[in-house]
Amino acid sequence: GYVSTIFKGSMGVNFADYVENVRIDSACNLLENSNDTINTISEKVGYNSVQSFRRAFKKVKGISPKELRNMNK
């Protein structure tokens, strides 16, 4: 709890949200620059299920991973 409070005070965001944003940013890079499947990308960035990944991605970016990939073709 204490470390989370310090982290939020320093970074302006809680630790869980920070980690989620780092994962999603990494996923965006992979979606744009690789031919890996969305399933594989979700695993590479640390999600245990593709459903959790898709939900988090949509929450952070406002679009699905598939929509992002299709925009960059």
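Definitions and cut-offs
Residues numbered from 1 in each chain as written. Predicted model: local features only at pLDDT ≥ 70, side-chain atom pairs only at ≥ 80, totals over all residues. Heavy atoms only, no water. Patch = residues over 30% accessible without salt bridge, like charges linked within 9 Å, V, L, I, M, F, W, Y side chains within 5 Å. Areas by Shrake-Rupley, 256 points an atom, 1.4 Å probe, with all protein chains shown as cover. Salt bridge = Lys/Arg side-chain N within 4 Å of Asp/Glu carboxyl O. Helix = DSSP H or I, 4+ residues; strand = E, 2+ residues; numbered from the N terminus. Buried < 20%, exposed > 50% of the residue type's maximum accessible area, 1.4 Å probe, protein only. Contact = heavy atoms within 4.5 Å. Axes fitted to C-alpha atoms, helices over the stretch in contact; angles between N-to-C directions. Parallel < 35°, antiparallel > 145°, perpendicular 65-115°, else oblique. Nonpolar A, V, L, I, M, F, W, Y, C, P; charged D, E, K, R; others polar.

## Quick look at a nonpolar patch on the surface
Moving on, step 1. Taken together, Met11, Phe15, Tyr18 and Val22 make up a surface patch of nonpolar side chains, about 360 Å² in accessible area.
Moving on, step 2. Here the nonpolar patch gets three residues from one element, more than from any other, and that element is helix 2 (residues 15-33).
Moving on, step 3. Tracing the backbone shows Phe15 in helix 2.
Moving on, step 4. Accessibility expressed as a relative area gives 44% for Phe15, which makes it partly exposed.

## Concerning the environment of Leu68
Moving on, step 1. Note that Leu68 resides in helix 5 (residues 65-71).
Moving on, step 2. Separated by 35 residues in the primary sequence, Leu68 and Asn33 have C-alpha atoms spaced 12 Å apart.
Moving on, step 3. Once residues within four sequence positions are removed from consideration, Leu68 is found in contact with Cys28, Leu31, Glu32, Phe57 and Ile63.

## Here's the deal with the packing of helix 2 against helix 4 (residues 50-61)
Moving on, step 1. Two numbers describe how helix 2 lies on helix 4: the axes approach to 10 Å, and their chain directions differ by 95°. Of the possible angle classes, the one that applies to helix 2 and helix 4 is roughly perpendicular. Judged by residue contacts, Glu20, Asn21, Ile24, Asp25, Ala27, Cys28 and Leu31 of helix 2 engage Phe53, Ala56, Phe57, Lys59, Val60 and Lys61 from helix 4.
Moving on, step 2. Within the contact of helix 2 with helix 4, the residues separate by chemical class into eight nonpolar, one polar and four charged.

Bear in mind that shape data such as this cannot, by itself, settle questions of function.
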